[in-house]
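Reading the structure
The residues making up each chain are set out below.
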Amino acid sequence: MSSPLFITFEGADKAGKSTQIRRLQENLLADGKPVLCTREPGGTPLGEELRSLVMVCRQEKLADETELLLFAASRAQLLRETIWPALQEGKTVLCDRFADSTIAYQGFARGMDRTFLDTLHHFILGERWPDLTFLLDLPVEESFRRLHRVLQETHEKNDRFEEEGRLFHQRVRDGFLAVAQANPQRVVVLDATRSPEELAQEIWETVKRRMAR
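Now for a description of the structure that goes with this document. (Residues numbered from 1 in each chain as written. Predicted model: local features only at pLDDT ≥ 70, side-chain atom pairs only at ≥ 80, totals over all residues. Heavy atoms only, no water.)

**Details of the overall build of the protein**
Our working rule: Each helix corresponds to a stretch of at least 4 residues labelled H or I by DSSP, and each strand to a stretch of at least 2 residues labelled E; elements are numbered beginning at the N terminus. We compute the radius of gyration over the C-alpha atoms and compare it with the globule rule, which gives 2.2 Å times the number of residues raised to the power 0.38. Summary of the burial criterion: residues with accessible area below 20% of their type's maximum are buried, those above 50% are exposed, and those between are partly exposed, where the area comes from a 1.4 Å probe applied to protein chains only. Contact definition: two residues touch when any of their heavy atoms are within 4.5 Å. Only the protein chains shown count as cover for residues, with accessible areas throughout obtained via the Shrake-Rupley method and a probe of 1.4 Å. Charged residues are defined here as Lys and Arg on the positive side and Asp and Glu on the negative side; His and the ends of the chain fall outside this count. Here the site of a charge means NZ on Lys, CZ on Arg, CG on Asp, or CD on Glu.
Across its full length, the protein carries eight helices and five strands. Order of helices (α) and strands (β) in the protein, N terminus to C terminus: β-α-β-α-α-β-α-α-β-α-α-β-α. Rg of the C-alpha trace for the protein: 17 Å, near the compact-globule value of 17 Å for 213 residues, within the 12% margin. Overall size of the protein, expressed as C-alpha extent along the three principal axes, is 50 × 40 × 30 Å. Evaluated residue by residue, the protein yields a buried proportion of 48% over its 213 residues. Of the contacts formed within the protein by residues at least 6 apart in sequence, a portion of 78% connects residues at least 24 apart. Accessible surface computed for the protein: about 10800 Å², of which carbon and sulfur atoms make up 51%. Taking the 30 positively charged and 34 negatively charged side chains of the protein as two groups, their mean positions are separated by 2 Å.

Okay, here's the thing in structure tokens:
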């Protein structure tokens, strides 16, 4: 019997991560595989409180260092309270964002020291990185177009990161692609402009191959 996988989904805002996580969950359950879905930041009661602190726009400017450490705290709690126990129980874990987002957002876009980020990740994760990561790659202009449409339809407000400009999000995209290039055995880059059905099929085929190893 194959070991459960820890699978993460990364990419730009409105790249379709939630849709693909839901479809993969459905495929896994239909195949008789127990599965847990979670998200970052969040995924635990404490993590959800931290999410509200780091994502919501507020009058007080959040220092970059504070932002980083709030994400790190949420991740540490999520791993120990949710992800690691689920894997030990034999469940495949699907997580919406993980440590690669820190590299892309805080490392590449915020310009924080990447050697320190590596040290921080080692402190929190040890050697337990995801087994498989799907990067839903989307051009910045398409991400903004989708976001604008969603905001018009739902009347929701931007979060702190959606408020950032195009240059910031281009650096985020460059960061994700750099992570993928450095980790070709783990990160699968997918063109997020393709149809959700095509993406879901490719993701499912990739997961089945990985599980069969």
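Having seen the structure, we can now continue with the description.
**Remarks on unusual backbone geometry**
Going from glutamate 40 to proline 41, the amide bond is cis rather than trans, its omega being -15°. In this structure, proline 41 sits in the loop between β2 (35-39) and α2 (45-55). Not every positive phi belongs to a glycine, and lysine 14 is a case in point at roughly 65°. Examined against the element boundaries, lysine 14 turns out to sit in the loop between β1 (6-11) and α1 (17-30). Judged by its relative accessible area of 31%, lysine 14 falls in the partly exposed class.

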